[in-house]
Amino acid sequence: MQSQTDINKPLTADVRPGSGVGDARLVEEARGGDRDAFGELVLRYEQRLIRVILQFVHDTEQARDLAQETFLRVFQRLDQFDASRRFGPWMFRIGVNLTLDYLRKRKRRIRWSLFSEHAGDKLPDPATADPRAALDVSQEVRAVIDQIPENYRSVLVLRDLEGFTTSEIAAILDRKEATIRWRLAEARDRFQALWTRRMERTAGSAANGKMDGDK
Amino acid sequence: MNCTRARSEIALWVGGDVDEREAVQLQRHLALCPECRAYRCRMKGSLQMLQEPASPTAYNLHDSVWPNVESRLSVQSRVEADRVERLNRWLPAAAIAAACLAVIAITSEPQPRNQRLDGEPLPSDLVILQSLQSVDSISVDERQAPGNGVGLRGGGSSIKLNTIQAGTMGDEDRRLTLFYSLTGRSAPDRRFGQY
């Protein structure tokens, strides 16, 4: 079964035309062993899940792998799902946790093998004086986000890049909404400080370059 | 509202994450605080950058992951089915073996040994003494073992201690060691004078 996903679709679950069945019903059927029902859930959520994961890993293939792993785990844990709650946040919780675990492992690996090929996974730092690195704004933004500690970064990404509400994020990250709001404020504050500093540095480098050119 | 609280509220307000009451309080503070107004400008600018649409090439997703997920689920279910089948094959044999072991364990449970020095003679004492008698012809002189003697109370019992003849076993310590190890008793306070 192939699904053609559109990159410009809104950030809602991909409910297929003619499929009016709710998530809860599909989950029940999947629990009973109905693979097609589970496939329907996968098709509904895969695009958004991959987009969310991409915000953390910045690698499409890796995001797809993590999404696959997420759906496998979801299927294995369907019997643990509380049917009185919403399926989406529960599924995203598994996906986000899996992604954050992957990032932690990768970080450890990079730390222990600084000169291995994994070092190439790291994003280029546009603030370093490399004239070849003409990065666009989204890459600049990503580089700044990556400097924010994980606790805050995950909230920032889910709220400001993926448009989840704070109550949804609370469900995904299994925290109180007040905690999420506090972390969101802190995350935006840190982003603002890092962004301002970066822009000042970039502006300073550009001014120095111009002065050198004038000489 | 102080500036620290106001900045936290501003960070939420720029993303539309404060309710009306909080927004009114914040506006009151901003009207009086130029530093917080400047912070609001910076925060709005940075959030605008953050929410810029990402490069479309980053989201070039054409194929669903479902075919891969489905095939992996099939593999997993086959593996699980094999595991259950293997388990079912071995389960009856394992259950029978366990039952046999349980029966053996219950039926071969050792009988409690008589460990009292001051109790009445038990049938096991007779067996032990008879075996001692048949093997080593150990003799216990009741007069030299005052009181209850070695494990058996008095000479008036059905066991005729003084009829067991001494002689073939060897020295006194060896006879005592043999006696105690076979009866499972500890040595009495007093030593016998003669056997």
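Note: the structure precedes this text.
Residues numbered from 1 in each chain as written. Chains lettered and ligands numbered in written order. Predicted model: local features only at pLDDT ≥ 70, side-chain atom pairs only at ≥ 80, totals over all residues. Heavy atoms only, no water.

Draft legend 1. Representation of the overall build of chain A. Tallying secondary structure elements over chain A gives eight helices and zero strands in all. Beginning at the N terminus, the succession of helices and strands in chain A can be written as α-α-α-α-α-α-α-α. Per-residue burial for chain A yields a buried fraction of 44% across its 215 residues. A separation threshold of at least 6 residues defines the contact pool for chain A, and within that pool the share at least 24 residues apart is 64%. When the accessible surface of chain A is totalled, it reaches about 11500 Å², and 49% of it is carbon and sulfur. (Helix = DSSP H or I, 4+ residues; strand = E, 2+ residues; numbered from the N terminus. Buried < 20%, exposed > 50% of the residue type's maximum accessible area, 1.4 Å probe, protein only. Contact = heavy atoms within 4.5 Å. Areas by Shrake-Rupley, 256 points an atom, 1.4 Å probe, with all protein chains shown as cover.)

Draft legend 2. Structural view of the environment of Thr60 of chain A. Residue and element names in this part refer to chain A. Topologically, Thr60 is positioned in helix α3 (residues 60-76). In this structure Thr60 comes out as partly exposed when scored by relative accessible area, which is 24%. Linking Thr60 and Ile50, residues 10 residues apart in sequence, is a C-alpha distance of 8.0 Å.

Draft legend 3. The arrangement of the packing of aromatic side chains in detail. All names here are of chain A. Under the counting rule described, the total for this entry stands at 10 aromatic pairs over all chains. A centroid spacing of 4.9 Å and a plane angle of 65° characterise the contact between Phe38 and Phe75, whose relative ring orientation is edge-to-face. Linking Phe38 in helix α2 (residues 35-57) with Phe75 in helix α3, this pair joins segments that are 37 residues apart in sequence. Ring plane angle 15° and centroid distance 5.8 Å describe the contact between Phe191 and Trp195, whose orientation is recorded as stacked. Residue Phe191 and its partner Trp195 are located together in helix α8 (residues 177-214), separated by four residues, close to a single helical turn. By relative accessible area, which is 8% here, Trp195 ends up buried. Through pairs of rings, three or more aromatic residues link up here, namely Tyr45, Phe81, Phe87, Trp90, Phe92 and Phe164. For the cation-ring pair, Arg48 lies above Phe164, with the distance from its terminal atom to the ring centre recorded as 3.9 Å. (Phe/Tyr/Trp six-rings, centres within 6.5 Å; stacked < 30°, edge-to-face > 60°. Lys NZ or Arg CZ within 6 Å of the ring centre and 35° of its normal.)

Draft legend 4. View of a positive patch on the surface. A cluster of basic side chains, namely Lys105, Lys107, Arg108 and Arg111 of chain A, defines a positive patch on the protein surface. Relative accessible area serves as the criterion here: at 55%, Lys107 of chain A is assigned to the exposed category. (Patch = residues over 30% accessible without salt bridge, like charges linked within 9 Å, V, L, I, M, F, W, Y side chains within 5 Å. Salt bridge = Lys/Arg side-chain N within 4 Å of Asp/Glu carboxyl O. Lys, Arg positive; Asp, Glu negative; His and termini not counted. Charge placed at Lys NZ, Arg CZ, Asp CG, Glu CD.)

Draft legend 5. Inspection of the pattern of salt bridges at higher detail. On inspection of all chains with the given rule, the structure shows 16 salt bridges over all chains. Across the pair Arg72 of chain B and Glu69 of chain A runs a salt bridge whose closest N-O atoms are separated by 2.9 Å. Of this pair, Arg72 of chain B sits in helix α4 (residues 66-107) while Glu69 of chain A sits in helix α3, which puts the two residues in different chains. For Glu69 of chain A, a relative accessible area of 26% gives the class partly exposed. One salt bridge in this structure joins Asp17 of chain B and Arg159 of chain A, with 3.0 Å as the shortest N-O distance.

Draft legend 6. Quick look at the interface of chain A and chain B. At the junction of the two partners, chain A supplies 44 residues and chain B supplies 37 residues. Interface of chain A and chain B: buried area, both sides summed, is about 3800 Å²; carbon and sulfur atoms make up 58% of it. Where chain A packs against chain B, one counts four salt bridges. At the junction of chain A and chain B, the tally comes to 15 residue pairs in polar contact (both at pLDDT 80 or more). In terms of residue count, the dominant contributor to the side of chain A that touches chain B is α2 of chain A (10 residues). Of the residues belonging to the side of chain A that touches chain B, the class tally is 19 nonpolar, 13 polar and 12 charged. (Buried area = accessible area lost by both parts, 1.4 Å probe. Polar contact = N/O pair within 3.5 Å; in protein donor to acceptor, adjacent residues only side chain to side chain. Nonpolar A, V, L, I, M, F, W, Y, C, P; charged D, E, K, R; others polar.)

Draft legend 7. Looking closely at the packing of α2 of chain A against α3 of chain A. All names here are of chain A. Between α2 and α3, the shortest axis-to-axis distance is 8 Å and the interhelical angle comes to 140°. Relative to α3, the element α2 lies oblique. Between α2 and α3 lies a crossing of right-handed hand. Across from Arg35, Phe38, Val42, Tyr45, Glu46, Leu49, Ile50, Ile53, Leu54 and Val57 in α2, the residues of α3 making contact are Thr60, Gln62, Ala63, Arg64, Leu66, Ala67, Thr70, Phe71, Val74 and Phe75. (Axes fitted to C-alpha atoms, helices over the stretch in contact; angles between N-to-C directions. Parallel < 35°, antiparallel > 145°, perpendicular 65-115°, else oblique. Left-handed = near helix turned anticlockwise from the far one by under 90°.)

Draft legend 8. Region of the structure containing the side chain of Thr166 of chain A. Take Thr166 of chain A: it is sitting in helix α7 (residues 166-173). Overall, Thr166 of chain A belongs to the buried group, its relative accessible area being 8%. A polar side-chain atom of Thr166 of chain A sits 2.8 Å from a polar atom in the side chain of Glu177 of chain A. Apart from the residues within four sequence positions on either side, Thr166 of chain A is in contact with Arg159, Glu177, Ile180, Arg181 and Leu184 of chain A together with Asp17 of chain B.

Draft legend 9. The arrangement of α4 of chain B in detail. Between its first and last C-alpha, α4 of chain B extends 59 Å over 42 residues, near the 62 Å set by a 1.5 Å rise per residue. Largest kink in α4 of chain B: about 35°, centred on Leu91 of chain B, with the proline Pro92 of chain B one to four residues after it. Buried within α4 of chain B we find Trp66, Val69 and Leu73 of chain B. In the core, the buried residues of α4 of chain B are packed alongside α2 and α3 of chain A. (Expected span 1.5 Å × (residues − 1). Bend = angle between axes of the 7 residues up to and from the residue.)

Draft legend 10. Quick look at the nonpolar core. Of all hydrophobic cores here, the largest spans 76 residues; its most connected members are Phe38, Phe71, Leu78, Phe87 and Phe191 of chain A. If near-sequence neighbours (up to four positions away) are discounted, Phe191 of chain A is found in contact with Val141, Val144, Ile145, Ile148 and Leu156 of chain A together with Ser46 and Leu50 of chain B. (Core = buried A, V, L, I, M, F, W, Y, C linked by side-chain atoms within 4.5 Å.)

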